[in-house]
Structures are given as C-alpha cells and as structure tokens.
Amino acid sequence: MNFEMPDGARRILQTLNSAGFEAYLVGGCVRDLLRGVEPHDWDICTSARPEETEHCFAGHRMIETGLKHGTVTVLEEGEPCEITTYRTEGPYSDSRRPDYVEFVSSLESDLARRDFTMNAIALGLDGGLRDPFGGGDDIRARLIRCVGEPVQRFQEDGLRVMRALRFGAVFGYEIEEQTAQAIHENHHMLEHVAAERINVELCKLLVGSKAGEILRQYPDVLCEFWPELGPLVTLEQNNPWHCWGGWEHTIHTVEAAPPDLVLRLTMLLHDIGKPACKSTDENGIDHFYGHPAISVKLADQMLRELKFDNKTRERVVTLVEHHDVQIPNRDRSIRKWLGRLGPETFFHLLEVKRADGMGQAYELVKDRLAELEKMKTKAEEIVAQGQCFSLKDLAVNGRDVIAAGVAPGPEVGRMLNGVLGQVLDGLVPNNREELLLLITDKQPNQSN
Ligand code: ATP
Ligand code: MG
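Residues numbered from 1 in each chain as written. Chains lettered and ligands numbered in written order. Predicted model: local features only at pLDDT ≥ 70, side-chain atom pairs only at ≥ 80, totals over all residues. Heavy atoms only, no water.

### What to know about the site of ligand 1
Right, on to step 1. Close to ligand 1 lie 14 residues; Arg-31, His-40, Asp-157, Arg-160 and Arg-166 are nearest.
Right, on to step 2. Between ligand 1 and the protein, one listed contact pairs an oxygen atom with a backbone N or O atom of Asn-119 at 3.0 Å.
Right, on to step 3. Between ligand 1 and Asp-157, the relevant distance is 2.8 Å, taken from a nitrogen atom to a side-chain nitrogen or oxygen of the residue.
Right, on to step 4. Elements represented by at least two residues in the shell around ligand 1 include exactly α2 (28-35) and α7 (159-171).
Right, on to step 5. If you tally residues by element for the shell around ligand 1, the top one is α7, at four residues.
Right, on to step 6. Across the shell around ligand 1, the residue classes break down as one nonpolar, four polar and nine charged. (Near = heavy atom within 4 Å. Polar contact = N/O pair within 3.5 Å; in protein donor to acceptor, adjacent residues only side chain to side chain. Helix = DSSP H or I, 4+ residues; strand = E, 2+ residues; numbered from the N terminus. Nonpolar A, V, L, I, M, F, W, Y, C, P; charged D, E, K, R; others polar.)

As structure tokens, then:
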C-alpha cells in the first residue's frame, strides 16, 4: 500500500536512515493513514539516542523540552515533528507518569508500551508496516483493543480508560470485550489522573459522533470523576412527557445536540438536579419542580472540579439555567430574550430546547419542536433586520437622557430600560426623534 507522507517527515526519516538509524512514523498518524483520514501531526520513533538525533539535525531548529523522555522536536519548514527514541516505560508507582523511561533498541518493545493496537503500528520509508499486535486488523474490524494484558495496562495508567472511551466516541469503534471488561473493573484508576487530563479526553469524547453510545455503555466511568451523575443514571421518570429514564433521556439529548462542546456539556448536565427534586403525586406521576436551579448549582460545581475554563463553564451554566423557560412565540418575547441573553446564547438555547424535546415522547412534543423551528426563523429575521432588542441598539443613549435633564446616576439606566421596554413591546418605534420626545415627556420637572 502506498501512503501519502509529507516531504518534511520523509526527509527526517531519510536523514536518520542514512546516518544508520532505524526510523518510522508511528502512533496516531499511522493509524489515521490506515483509517483513510488525514493525520494532524507526524510522530517519528527511532533507534537513535536523543543526542544522536540532535547530531543528525544540527543546523535545524529544535525544541528540547521532551528530552528527558527521549523526544527531540525538529522544525521542518516550521512544522514541529516529534522524534522519540525507542523506549519502554518503568513502573508507574504514582499511576500518573512512568517513574523513568528506558531507551531500548527494538522497535517492537517501543510499540509494546503503547496503549491500543491501532496506535502501535509503525510505517517505514519503504512503505512497509510493522504491526506486531495486529493493529491493522483491528482497524479494519473497527475495534479498540489494548496492547497486551488490558487489566495491567489500565492499572499502569488510568488515563487510558478515558482514551479508550474517547477513541470509541470519535471513531465509532467498538471496544473489544476484554478491554471493555477491564475498563469496567479498573476505572477507579482515574482517581490518580489529573483533572485537566480527564477534561481533555472528555471534551473530545463528547463531541464525537458516537458519544451517546459511549455514555450508554460506560456511565460507571463518568461517575468515577463526576459521582453527581450517579443518581441521574438510575433516575426513573414516571411522567407522560417522558418515555425514558433520566440517563437515557440525557443520552438522547446529547445525541440530538450539534457536536459543539458547550451544547453537549449542557445536555449532559441539564437535568443533573432532577433526582434531588423528584416528587410523586397521588396519581403516581413524578414531578421535578425547580430542577433547573439545582442543576445549575451542581453543573457549576462539577465543571469547576474538572477544571473547565470560566467561559465554557459560564456558558454551560447559563444554558442549563434557562433550558426550561417558556418563551412565547411572539416577536416581542423573542426580542426580549434576544436582548436578555444576547443572540449567540439565545440561538444556543433554541438548540438546547430542541435537543431536550428530542429526548422526550415524540408524539407529545412534536408541535413544540415545530414551534421552536418557527421561533428560530423569526429570531433570525429580527437579527437580520437589525431590529432593536438591547440597549446598545436603542436610538438614544445615556447622553441623550442626561441632556434631557436627568441627573447622571442610576436614574439614567432606569429611564433607558423603560424606553427599551416600550420599543420591545412595539409601543414606539426605535426612532431617535420619537424617543427623544418620549424622554422629554417623561421628565417630571420640565419647565416647558
Ligand atoms: P490523536 O489523534 O488524538 O493525537 P494519538 O494516538 O496520536 O491521537 P497522542 O496523545 O498524540 O494520541 O499520543 C501519540 C501516541 O503515543 C499514541 O498513538 C500512542 O501510541 C502513544 N500513547 C499516548 N498516550 C498513551 C498512554 N496514555 N499510554 C500508552 N501509550 C500512549
Ligand atoms: Mg497525536
């Protein structure tokens, strides 16, 4: 088979080979070539020791930050290319990082330390694959399988649990049976993994095309770092609106949301407060009054614990807070909500509501879903027409109010908001002359 190798990577392999060293493309890039997907970076492994690699590329720009682990980064036409000496890893006494790395002379030992068979394939300049663990077959069978003994591999490094789930969600590959079983039995190893590293994998997982399937099969793994999910996973909802329990509903909403991190996180967490709010009426129907407020508290706390950045956290929390608000499908309500949330959040909220509806009994919500579509079209028109829906769109500003005789201070804002309310309600047009008249009329102590 002939693989497209970029010139830069080819030159690096040639340089190392002609200095008498073995060198191969390895890891994600080889896997992606075999999957027929364009690799996003090119990693190389070599029999050359780091200092020998540096010697080969004297005159090139190099980054030495990975030297301790045997990695020299060479810049080829500005593109960083990581060259790593064949190595094995020592024991993981803290389950985070290997205690030490040991350079080895055989490619096969280097491949053996890698996590999954699909990531343990090397490709040489001759176009030949070195694939001692059957990674090529697993890629063709769309299987994620540990290299070696799965239990041992997850016990060495708990992050591999999340990597397996992430690859499953993104590629839509099945996790091979023994690997899957070892995940279910060893996810407690995540307890030793830094929140930031779990975060990175979770974010990739959630925007994967098969995220829902992974959530369905591995709620136990998610509960390891977010135990707050536990009660939602087992939540029953005996309510005519709901044809599923809490977890299956959540999964359907995640699947129905576009592959955007904020939206997917919102769907994952929007009902997290439901278990704490559950009540059952005399007819045996379950209710969850006030759950969005509890969801907000829990979601905020969970996102902080997993070290999400403030912006992502705030956006998710705002959407969770409003996921259940009723927005009447009238221009004035739409303008009000556009103004209150800002267009970006407003349109996100419509996506959230749509996804939430997709996770409910379809016959009962299909009219509501159709209404949401109409509301979206209307809101797009309002924005496209440049209609006024916030103070900054208003044809008058604070200076006008002060010029009309209002003393600078909080009254200025109150006056402007009053005027905005009238414009939103369609009582006055957003026209400077008319609004100036309105402001002047409202002044109690005008002399004329
Ligand atoms: P991506 O496409 O996300 O970059 P990747 O497989 O290249 O996927 P990297 O984190 O870039 O992931 O790692 C490069 C290679 O290093 C992997 O293909 C794998 O062979 C090996 N590797 C990475 N993380 C681990 C780990 N935790 N345990 C064992 N091997 C690992
Ligand atoms: Mg990579």
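After presenting the structure, the write-up continues.
### Some remarks on the packing of aromatic side chains
Right, on to step 1. Tallying each qualifying case throughout the model produces six aromatic pairs.
Right, on to step 2. Ring centres of Phe-167 and Phe-171 lie 5.4 Å apart, and the angle between their planes is 40°; on these two criteria the pair is classed as tilted. Remark: Phe-171 and Phe-167 occur in helix α7; sequence separation between them is four residues, near one turn of the helix. Assigned by exposure class, Phe-167 and Phe-171 land together as buried.
Right, on to step 3. For the pair Phe-346 and Phe-347, a centre-to-centre distance of 5.7 Å together with 85° between the ring planes defines the contact as edge-to-face.
Right, on to step 4. Connected via pairs of aromatic rings, a cluster forms that spans Phe-116, Phe-167, Phe-171 and Tyr-173.
Right, on to step 5. Geometry around Phe-167 places Arg-166 over its ring, the cationic atom sitting 4.3 Å from the centre.
Right, on to step 6. Cation over ring: Lys-274 sits above Phe-288, and NZ or CZ is 4.8 Å from the ring centre. (Phe/Tyr/Trp six-rings, centres within 6.5 Å; stacked < 30°, edge-to-face > 60°. Buried < 20%, exposed > 50% of the residue type's maximum accessible area, 1.4 Å probe, protein only. Lys NZ or Arg CZ within 6 Å of the ring centre and 35° of its normal.)

### A few points about the environment of Ile-175
Right, on to step 1. Position of Ile-175 relative to the elements: it lies in strand β11 (residues 174-175).
Right, on to step 2. Assessed through its relative accessible area of 7%, Ile-175 is described here as buried.
Right, on to step 3. With 24 residues separating them along the chain, Ile-175 and Asn-199 place their C-alpha atoms 21 Å apart.
Right, on to step 4. The contacts of Ile-175, once residues within four sequence positions are left out, are Ile-144, Ala-164, Leu-165, Ala-180, Ile-183, Ile-214 and Tyr-218. (Contact = heavy atoms within 4.5 Å.)

### What to know about the pattern of salt bridges
Right, on to step 1. Across all of its chains, the model carries 31 salt bridges by this definition.
Right, on to step 2. For Glu-156, the salt bridge is made with Arg-160, and the minimal N-O distance between the two is 2.7 Å.
Right, on to step 3. Of the charged contacts, one joins Arg-313 and Asp-300 as a salt bridge, the two residues approaching to 2.8 Å between their closest N and O atoms. A residue pair is termed long-range when its members are at least 10 positions apart, and Arg-313 in helix α17 (residues 310-322) and Asp-300 in helix α16 (residues 291-305) qualify at 13 residues. Summarising the burial analysis for this pair, Arg-313 and Asp-300 share the class buried. (Salt bridge = Lys/Arg side-chain N within 4 Å of Asp/Glu carboxyl O.)

### What about unusual backbone geometry?
The bulk of non-glycine residues show a negative phi, and the bulk of peptide bonds are trans.
Right, on to step 1. A positive phi angle, near 55°, is found at Arg-142, a position not held by glycine.
Right, on to step 2. Mapped onto the elements, Arg-142 comes out in the loop between α5 (135-140) and β10 (143-144).
Right, on to step 3. Of note in this structure, Lys-307 is not a glycine but carries a positive phi near 60°.
Right, on to step 4. Considering the arrangement of structural elements, one finds Lys-307 in the loop between α16 and α17.
Right, on to step 5. In this structure Lys-307 comes out as partly exposed when scored by relative accessible area, which is 49%.

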